[in-house]
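# Coordinate inspection notes
As a plain string of letters, each chain reads:
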Amino acid sequence: MTQFSDLGLAKPLLKALADKGYTQPTPIQAQAIPTVLSGRDLLGIAQTGTGKTAAFALPILHRLAEDRRPAPRRGFRCLVLSPTRELATQIADNFKAYGAHLGLTVATIFGGVKYGPQMKALAAGVDVVVATPGRLMDHLGEKSAHLNGVEIFVLDEADQMLDLGFVVPIRKIASQLPKERQNLFFSATMPSEIGKLAGELLKNPAQVSITPQATTVERIDQSLIFIEAQRKRPLLAELLADRAVERAIVFTRTKRGADRVAKYLVASGIESASIHGDKTQGQRERALAAFKAGQVKALIATDIAARGIDVNDISHVFNYELPNVPEAYVHRIGRTARKGKDGIAISFCADDERPLLKDIQKATRQTIPTFDRRNDKGLAAAAAVADKLAPPEKYVDPRRADPRNNVPSELRRQRNRPNKGGGQGQGHGKPGGQQNRGRNGGGGQGNGQAQAQGQARSGGGDFRGPKRAAAPSERWNPID
Ligand code: AMP
């Protein structure tokens, strides 16, 4: 077995790794570290959870420390681009932890916070900057940052960048980078546009591919429950009340959906918080900290907000709504069963989501065991209470939504922000109800009568795309 000490990393890095209790590199680290140390470009196909952050942070820190020189004023020696603030913070924290004994400087640049402190941090020059594209573009425009000193450029979660509409800003940023540089490019999947971008940015790259291991998915106990859309909340509350659920992530397709679910759960006595791009940085950090500390049992998240969040010991993943692309299903359920542990993934499927289920089963070449909780009277009664606690949102046919995951909602602008009112109630939505579990072999079979999805309260759920003529500070910042 390879040890970190076999990889030629500087002593202060080995010390920091020992501090963290890491002795053996993960597969992507064992493959990527020597390549990056050699100065070669790298294309890494890997997702969060594989140890990819250290796979680039360690050799980058090594290279910067070996060839010490001051970063230019308002410039930086290494630029890491991340699609979300959370991931940017996490990456920067990793750089700081691994570089604890090196005395290099690390800064983050992302939206949702004031410019002043970022300008200050950049003024004297920084060794490593971890940035989201929108805010970095703003700094470049304001000349409070420049890219002349970049020696190493990292693009992380490239496919997520594509989903968020960041490809154009990335090309603009790349066009300002010095020609002579090392490029590291990471993506969990390789849609053709990302392949094209990689081709433009990388020079003769080494390739490392750590695909989401089938074994991870195999370790997850997956099931799916057929349920009427309007009864999902009481069903979720019922399942979360189970003591076996220690820490759960609940995935919704929209930000508003996440808020509604969280509000209902809180009213039902289940500690929950939602996390998505409309929340302030402070709210997101507090929700995450409470979740990590175990004060919040359920974190309700959209795909993009949840991406990159590094929380271990998640016992359950709930797909409150099925994702529009099968890959997202694999990503989502992979949030549990990390670090060799087992996990449970439970998905809800309303009648109109059956085509999505079909796609997931086809793509993952598996049949998810299904249960049928439709026509459950206890849930029906609780659903009526749920509607009072947090009114339902306008129904949008998932097949008509943007095919890339939940981009539409994430890109929705401020004018579509949820109403503040919302009818917070004191009611108690604890569902009663029989466990009406009819086990059906394969999924996707449609016996049921189509349930009317009649919901038409809060409007404005349609995708309108990013606002083109936004103020500079607002551009490209659905998340960052
Ligand atoms: P990442 O894929 O970079 O998000 O890393 C996933 C998790 O694995 C993080 O909590 C890391 O701190 C942890 N990790 C990274 N490398 C190692 C390693 N070699 N041994 C044990 N844990 C690690």
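## Quick notes on the site of the ligand
Taken together, 13 residues surround the ligand, and among them Tyr22, Thr48, Gly51, Thr53 and Ala54 come closest. Counting residues per element, the shell around the ligand draws most heavily on helix 3 (residues 52-66), at three residues.

## Focus: the sheet that holds strand 5 (residues 152-155)
Pairing is parallel in the open sheet, where seven strands are placed in the order 3-4-2-5-6-1-7. What marks the edges here is a single partner per strand, and that holds for strand 3 (106-109) and strand 7 (206-209). Strand-to-strand twist across the sheet, computed as the mean angle between neighbouring axes with direction ignored, equals 15 degrees. Of the pairings in the sheet, the one linking strand 3 to strand 4 (residues 126-131) comprises four bridges and is parallel in character.

## As for the nonpolar core
Counting 128 residues, the largest nonpolar core has Leu61, Leu79, Val128, Phe185, Val250 and Leu299 as its most contacted members. Looking at this core element by element, the count peaks at eight residues for helix 3. When residues of this core are assigned to domains, at least three map to each of domain 1 (4-209) and domain 2 (220-389). Here Phe185 is in contact with Leu42, Leu43, Gly44, Leu155, Ala158, Ala198, Leu201 and Leu202, once residues within four sequence places are set aside.

## Here we look at the environment of Asp138
Along the polypeptide, Asp138 turns up in helix 6 (residues 133-142). For Asp138, a count of 22 C-beta atoms within 10 Å translates into the label buried. Separated by 23 residues in the primary sequence, Asp138 and Tyr115 place their C-alpha atoms 9.5 Å from one another.

## Overview of the sheet that holds strand 12 (residues 316-319)
Taken together, seven strands build an open sheet; the order of strands is 10-11-9-12-13-8-14 and the sheet is parallel. Every other strand in the sheet has two partners, leaving strand 10 (272-275) and strand 14 (370-372) as the edge strands with one partner each. Ignoring which end each strand starts from, the neighbouring axes of this sheet average 20 degrees apart. Pairing of strand 9 (residues 248-251) with strand 11 (residues 298-301) involves four bridges; the strand directions are parallel. Residue pairing for strand 11: Ala248 is matched across the bridge by Ala298. Its contacts with the sheet put helix 12 (residues 255-267) on strand 9, strand 10 and strand 11, and the angle it makes with strand 10 is roughly 170 degrees.

## What about the packing of helix 3 against helix 4 (residues 85-98)?
Helix 4 packs onto helix 3 with a crossing angle of 45 degrees between their chain directions and a minimal axis gap of 10 Å. The pairing of helix 3 with helix 4 is recorded here as oblique in orientation. Crossing of helix 3 against helix 4: the hand is right-handed. For the pair helix 3 and helix 4, contact is made by Thr53, Ala54, Ala57, Leu58 and Leu61 and by Ile91, Asn94, Phe95 and Tyr98, respectively. In the contact of helix 3 with helix 4, the residues fall into seven nonpolar, two polar and no charged.

## Thoughts on helix 11 (residues 232-240)
Of all nine residues in helix 11, eight are buried, a share of seventy percent or more. Within helix 11, burial applies to Lys232, Arg233, Pro234, Leu235, Leu236, Ala237, Glu238 and Leu239.

## Observations concerning unusual backbone geometry
The backbone of Arg74 shows a phi angle near 60 degrees, a positive value even though the residue is not glycine. In this fold, Arg74 is placed in the loop between helix 3 and strand 2 (76-81). With 20 C-beta atoms counted inside 10 Å, the residue Arg74 sits in the buried group. Of note, the phi angle at Lys143 is positive, near 65 degrees, even though the residue is not glycine. If you trace the backbone, Lys143 turns up in the loop between helix 6 and strand 5.

## Considerations on the packing of helix 11 against helix 12
Any two packed helices are characterised by the angle at which their axes cross and by the distance between the axes. One way to put it is that helix 11 packs onto helix 12 with a least axis distance of 10 Å and a crossing angle of 55 degrees. Classified by the angle between their axes, helix 11 and helix 12 sit oblique to one another. The two elements helix 11 and helix 12 cross, and the hand of that crossing is right-handed. Listed contacts from helix 12 to Arg233, Leu236, Ala237 and Leu240 of helix 11 are Val261, Tyr264 and Leu265. Here the contact of helix 11 with helix 12 is composed, by residue class, of six nonpolar, no polar and one charged.

## A short note on the confidence of the model for the protein chain
When pLDDT drops low, the exact placement of atoms in the prediction is not to be read closely. When pLDDT is averaged along the protein chain, the result is 80, and 78% of the positions lie at 70 or above. pLDDT under 50 marks residues 401-480. Its contacts with residues more than four places away, or in other chains, come to 170 contacts.

## Quick word on the pairing of strand 5
Side chains of strand 5 alternate between two faces, with Ile152 and Val154 and Phe153 and Leu155 buried alike. The pairing of strand 5 with strand 6 (residues 182-187) spans four bridges and is classified as parallel. Each bridged residue has a counterpart across the sheet, and for Phe153 the counterpart in strand 6 is Asn183.

So, how was this worked out
- Residues numbered from 1 in each chain as written.
- Predicted model: local features only at pLDDT ≥ 70, side-chain atom pairs only at ≥ 80, totals over all residues.
- Near = placed C-beta within 6 Å.
- Helix = DSSP H or I, 4+ residues; strand = E, 2+ residues; numbered from the N terminus.
- Pairing = 2+ DSSP bridges.
- Axes fitted to C-alpha atoms, helices over the stretch in contact; angles between N-to-C directions.
- Core = buried A, V, L, I, M, F, W, Y, C linked by C-beta atoms within 7 Å.
- Buried ≥ 20, exposed ≤ 12 C-beta atoms within 10 Å, placed from the backbone.
- Domains from an automatic or database assignment.
- Contact = placed C-beta atoms within 7 Å.
- Parallel < 35°, antiparallel > 145°, perpendicular 65-115°, else oblique.
- Left-handed = near helix turned anticlockwise from the far one by under 90°.
- Nonpolar A, V, L, I, M, F, W, Y, C, P; charged D, E, K, R; others polar.
- pLDDT = per-residue confidence, 0-100.

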